[in-house]
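Okay, here's what each chain looks like letter by letter:
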Amino acid sequence: MNHRNPDTWTPEFAREIERVREYVATLHAELPRWGLVVWTAGNVSQRVRGAAEDGSQDLLVIKPSGVSYDDLSPEAMVVCDLDGNLVLGEGSPSSDTAAHAYVYRHMSEVGGVVHTHSTYATAWAARGEEIPCVLTMMGDEFGGSVPVGPFALIGDDSIGRGIVDTLRESRSPAVLMRNHGPFTIGRDARAAVKAAVMVEEVAKTVHVARAGGPLVPIEQYHIDSLYDRYQNVYGQH
Ligand SMILES: [Zn+2]
């Protein structure tokens, strides 16, 4: 089986691709539902693991470029290899595909990536300011502050590299790319969508809090115990 050629796929792999196209199409509806996107901006992708242990035969499923959120059916989702080349689907992949693919190539544990220009998170990105950890839910979800990534232009690997370099230094599944907006990661696309919703929520709350007065930081050992409990104990029963 050549993962880049759909004609050679096993029936099981072809079914898995269809399942993920459906899943990613459904998850795209969450972005307008939570008010994270306008027009055709924003995208969700999920990795499809191939046969090779090293991930060299993995694919990704992502939104096509410039298609309205009302038209995002499973069939509209495009399948690309991890170099961003189109493997299956109509139309061109999202212009952010190279950034998603870079993340999958360099972070083997990541199964889902989301990008939006959600208002409050993007406002922090416009200031190049990290969101300080002043809420217990930030300790839970992000394990600390939400970091800022470098300024990067679309067209080469610099956005993907900025995301990976920043997130490797942090427990946060969200990075605010400077002057641009949030990118989030997760073990699958749903977890990355959750992180995109949560980063907008905390960006808004901390913005409102600071407008009313100085922020009160949370001690690091409290952040550590919040993160540990939420990631390892909470929700597993
Ligand atoms: Zn963008």
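Residues numbered from 1 in each chain as written. Predicted model: local features only at pLDDT ≥ 70, side-chain atom pairs only at ≥ 80, totals over all residues. Heavy atoms only, no water.

K.L.:
Please clarify how the nonpolar core should be interpreted in this entry.
P.N.:
The nonpolar side chains of a soluble globular protein tend to be buried with one another. The biggest cluster of nonpolar side chains holds 25 residues, and the ones touching the most others in it are Val44 and Leu59. Apart from the residues lying within four places of it in its own chain, the contact partners of Val44 are Val24, Leu27, His28, Leu31, Val61, Ile62, Lys63, His100, Val113, Val114, Ala189 and Val193. One finds Leu82, Ala99, Ile159 and Phe183 within the second-largest nonpolar core, a separate group that totals 22 residues. (Core = buried A, V, L, I, M, F, W, Y, C linked by side-chain atoms within 4.5 Å. Buried < 20%, exposed > 50% of the residue type's maximum accessible area, 1.4 Å probe, protein only. Contact = heavy atoms within 4.5 Å.)

K.L.:
How should I be thinking about the pattern of salt bridges in this particular structure?
P.N.:
Side chains that differ in sign of charge can pair as their charged atoms come close. Within the structure shown, the criterion is met by 12 salt bridges. Note that Arg4 and Asp81 form a salt bridge whose closest N and O atoms lie 2.7 Å from each other. One end of the pair, Arg4, is in the segment before helix H1 (11–28); the other, Asp81, is in strand S3 (residues 78–81), and 77 residues separate them in sequence. Judged by relative accessible area, Arg4 falls into the partly exposed class, the value being 39%. Residue classification places Asp81 among the buried residues on the basis of a relative accessible area of 1%. Among the ionic pairs, Asp58 bridges to Arg47, the shortest N-O distance being 2.8 Å. Separated by 11 residues along the polypeptide, Asp58 in the loop between strand S1 (43–48) and strand S2 (59–62) and Arg47 in strand S1 bring together distant segments of the chain. For the pair formed by Asp58 and Arg47, the shared burial category is buried. Within this structure, Arg4, Asp81 and Asp83 form a network of salt bridges that share partners. (Salt bridge = Lys/Arg side-chain N within 4 Å of Asp/Glu carboxyl O. Helix = DSSP H or I, 4+ residues; strand = E, 2+ residues; numbered from the N terminus.)

K.L.:
Sorry, what's going on with the coordination of the zinc ion here?
P.N.:
For the zinc ion, the protein coordination sphere consists of His115 (NE2), His117 (NE2) and His180 (NE2), at 2.0 to 2.1 Å. Along the chain, the residues donating to the zinc ion fall in the pattern H-x1-H-x62-H. (Donors = N, O, S within 2.8 Å, 3.2 Å for Na, K, Ca; no water.)

K.L.:
Can you help me understand the pairing of strand S7 (residues 174–177) in this one?
P.N.:
On any regular strand, side chains alternate: one points to one face of the sheet, the next to the other face. What you see with S7 is no split at all: Ala174 and Leu176 on one side and Val175 and Met177 on the other are buried throughout. Considered for its hand, the β-α-β crossover made up of strand S6 (residues 148–149), helix H6 (residues 158–168) and S7 is right-handed. Where S7 meets strand S8 (residues 181–186), 4 bridges bridge the pair, whose relative direction is antiparallel. Residue pairing across strands places Met177 opposite Gly181, the latter belonging to S8. Hairpin connection from S7 to S8: 3 residues lie between these consecutive antiparallel strands, with Asn179 at a positive phi of about 60°. (Right-handed = clockwise from strand over helix to strand, strands pointing away. Pairing = 2+ DSSP bridges.)

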